[in-house]
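One-letter residues, chain by chain:
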Amino acid sequence: MALSFSAVEAFYWASQLRSFNAAAEKLSITQPTVSYRIKELEEQLGVPLFIRQKRQLQLTSEGEALKHYAEAMIGIARDIESNIKTRNTRLPTLRVGVMDSFAVVCLPALLDELDGRFAETRVAATVDTSHNLARQLSEGLLDIAVLSTPPEHDNVALELLGRQTVEWFASPKLEMPREFVSDAMLLRQRIFSTPAPSNLHTLTTNALSGNRELGLRLNVCNSLGAILNLVEAGTGISILPSRLLLTQLKAGTVHLLRTHSRLPMQDVFIGTNKGAVVRALPQVAQMIRKVSVDVAFCG
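Since the structure is predicted, the reported quantities are computational estimates derived from the model, not experimental observations.

Engineer: Summarise the pairing of strand E7 (residues 166-170); cite the residues concerned and give the values.
Structural biologist: Judged by how many residues are buried, E7 sits mostly within the fold: five of five residues are covered. Residues Val-166, Trp-168 and Ala-170 line one face of E7 and the alternating positions Glu-167 and Phe-169 line the opposite face, and both faces are buried. Where E7 meets strand E10 (residues 237-241), four bridges bridge the pair, whose relative direction is antiparallel. Among the inter-strand pairings, Val-166 is bridged to a residue of E10, identified as Pro-241. The sheet contact formed by E7 and strand E11 (residues 255-257) spans three bridges and is antiparallel. Note that in E11 the partner of Trp-168 across the bridge is Leu-257.

Engineer: Describe the environment of Val-127, listing the residues and the values that go with them.
Structural biologist: Secondary-structure assignment places Val-127 in strand E4 (residues 122-128). Separated by 25 residues in the primary sequence, Val-127 and Phe-102 place their C-alpha atoms 8.9 Å from one another. Excluding its chain neighbours within four sequence positions, the residues that come into contact with Val-127 are Val-98, Met-99, Asp-100, Ala-103 and Leu-107.

Engineer: Could you give an account of the sheet that holds E11, naming the residues involved and the relevant values?
Structural biologist: Pairing between sheet strands relies on hydrogen bonds along the backbone, with the strands arranged either parallel or antiparallel. Overall, mixed pairing links the five strands, which are arranged E9-E8-E10-E7-E11 in an open sheet. Among the strands making up the open sheet, the edge pair consists of strand E9 (218-220) and E11. Between one strand and the next, the sheet's axes are offset by a mean angle of 45°, whatever the strand orientation. Pairing between strand E8 (residues 191-193) and E9: three bridges, direction parallel. Bridge pairing links Phe-192 to Asn-219 in E9.

Engineer: Give a description of the packing of helix H5 (residues 100-117) against helix H11 (residues 281-294) that names residues and reports values.
Structural biologist: H11 packs onto H5 with a crossing angle of 135° between their chain directions and a minimal axis gap of 9 Å. Classified by the interaxial angle, the pair formed by H5 and H11 is oblique. Handedness of the H5/H11 crossing: right-handed. Facing Phe-102, Cys-106, Ala-109, Leu-110, Glu-113, Leu-114 and Arg-117 of H5, the residues of H11 in contact are Gln-283, Val-284, Met-287, Ile-288, Lys-290 and Val-291. Here the contact of H5 with H11 is composed, by residue class, of nine nonpolar, one polar and three charged.

Engineer: Give me the sheet that holds strand E3 (residues 93-99): which residues, what numbers.
Structural biologist: The strand order across the open sheet built from five strands is E4-E3-E5-E12-E6, with neighbouring strands paired in mixed fashion. Each of the sheet's edge strands pairs with one partner strand only, and the pair in question is E4 and strand E6 (156-164). Between one strand axis and the next, the sheet turns through 20° on average, direction left out of account. Two strands pair when backbone bridges link them, and strand E5 (residues 144-148) and strand E12 (residues 266-273) are joined in this way by five bridges, in the antiparallel orientation.

Engineer: Residues and numbers for the packing of aromatic side chains, please.
Structural biologist: Aromatic ring pairs are defined here through the distance separating the ring centres and the angle between the ring planes. Scanning the model with the defined rule gives four aromatic pairs in all. With a centroid separation of 5.5 Å and an interplanar angle of 50°, the aromatic rings of Phe-11 and Phe-50 are classed as tilted. Residue Phe-11 is found in helix H1 (residues 5-17), and its partner Phe-50 is found in strand E1 (residues 50-51); the two are separated by 39 residues along the sequence. Looking at Phe-11, the relative accessible area reads 0%, which means it is buried. Ring geometry for Tyr-12 against Trp-13: centres 4.9 Å apart, planes inclined by 80°, an arrangement best described as edge-to-face. There is no split in this pair, since Tyr-12 and Trp-13 are both buried. Put simply, the rings of Phe-11, Phe-20 and Phe-50 pair up and form one aromatic cluster. Lying over the aromatic face of Trp-13, Lys-26 brings its terminal NZ or CZ to 4.8 Å of the ring centre.

Engineer: Any details on H5? Residues and values, ideally.
Structural biologist: The end-to-end C-alpha distance of H5, which contains 18 residues, comes to 24 Å, matching closely the 26 Å that a straight helix rising 1.5 Å per residue would cover. Maximal helix bending in H5 amounts to about 70°, located at Cys-106; proline Pro-108 follows within four positions. Inspection of H5 places Asp-100, Ser-101, Phe-102, Ala-103, Val-105, Cys-106, Leu-107, Leu-110 and Leu-114 among the buried residues, and these make up the whole buried set.

Engineer: Break down the packing of helix H2 (residues 20-27) against helix H3 (residues 31-45) for me, with residues and values.
Structural biologist: At a minimum axis distance of 8 Å, the contact between H2 and H3 shows a crossing angle of 105°. It follows from the interaxial angle that H2 and H3 lie roughly perpendicular. The segment H2 lies against H3, with Phe-20, Asn-21, Ala-23 and Ala-24 engaging Gln-31, Val-34, Ser-35 and Ile-38. Classifying every residue of the contact of H2 with H3 gives five nonpolar, three polar and no charged.

About the cut-offs
- Residues numbered from 1 in each chain as written.
- Predicted model: local features only at pLDDT ≥ 70, side-chain atom pairs only at ≥ 80, totals over all residues.
- Heavy atoms only, no water.
- Buried < 20%, exposed > 50% of the residue type's maximum accessible area, 1.4 Å probe, protein only.
- Helix = DSSP H or I, 4+ residues; strand = E, 2+ residues; numbered from the N terminus.
- Pairing = 2+ DSSP bridges.
- Contact = heavy atoms within 4.5 Å.
- Axes fitted to C-alpha atoms, helices over the stretch in contact; angles between N-to-C directions.
- Parallel < 35°, antiparallel > 145°, perpendicular 65-115°, else oblique.
- Left-handed = near helix turned anticlockwise from the far one by under 90°.
- Nonpolar A, V, L, I, M, F, W, Y, C, P; charged D, E, K, R; others polar.
- Phe/Tyr/Trp six-rings, centres within 6.5 Å; stacked < 30°, edge-to-face > 60°.
- Lys NZ or Arg CZ within 6 Å of the ring centre and 35° of its normal.
- Expected span 1.5 Å × (residues − 1).
- Bend = angle between axes of the 7 residues up to and from the residue.

In structure tokens form, the structure reads like this:
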């Protein structure tokens with residue numbers, strides 16, 4: 001029995017995205033073509049691969065088993081494309097994703113390291129929220145990423161890089177007490193956060209969830225750099241990674257606010273797609289660890 005790779009590929013993306021339509025869009029083919037290829041695969045294997053429901057596809061036990069093989073097949077195909085077709089053991093493009101705080105503190109040094117090690121490789125860097133980076137890893141749009149407390153994806157492997165301290169920060173211009181700040185005092189201020197479902201958004205809403213009757217002046221922004229500038233200007237307050245504000249803390253343009261409860265530390269991971277067979281990734285992960293240690297990113 002010769003399985004069609006195009007059928008396996010259609011199955012993989014339908015199983016990953018839980019939708020025939022989404023798989024068709026990903027593969028730039030029509031939805032009926034995806035359905036036909038998967039039906040053909042089911043007939044060849046003699047088992048159903050999906051439980052077809054109105055809202056979302058679910059895998060059968062046979063489908064779950066096949067998904068692991070499909071991930072491996074697609075990873076091998078990517079490796080062939082990168083290393084055999086080009087007759088070059090180096091990757092033509094290395095796709096690296098990093099969360100915003102890592103980008104501000106570490107990305108220049110990391111890009112220098114990558115450019116030095118992979119001189120003839122195009123390094124494409126993506127800066128985004130951890131949730132979006134995890135999704136892009138899962139969909140095969142990134143090769144490796146640095147992300148914090150990401151959502152779980154079956155085909156994304158995570159290795160702990162370290163832990164990150166987060167605190168409430170404000171500008172001295174707001175004249176807020178440094179010894180102790182009540183939740184009521186926090187809620188009187190304009191509060192900045194990255195959009196849901198980001199980690200900072202969840203931290204902010206959870207930290208003040210018991211005081212909703214007082215109102216929450218939450219303003220969202222998808223750039224930590226912009227939020228930092230707004231906090232430094234005295235426009236509002238925010239929960240931010242402490243390492244991100246090291247220069248501002250030393251200069252006295254911001255200070256941390258001591259509150260009732262300590263905010264939980266955030267786990268930082270190096271993430272990769274389990275189906276990706278890219279020989280350079282262990283080296284890239286080691287460079288990420290080196291840069292992180294050099295600048296004490298995880299404290």
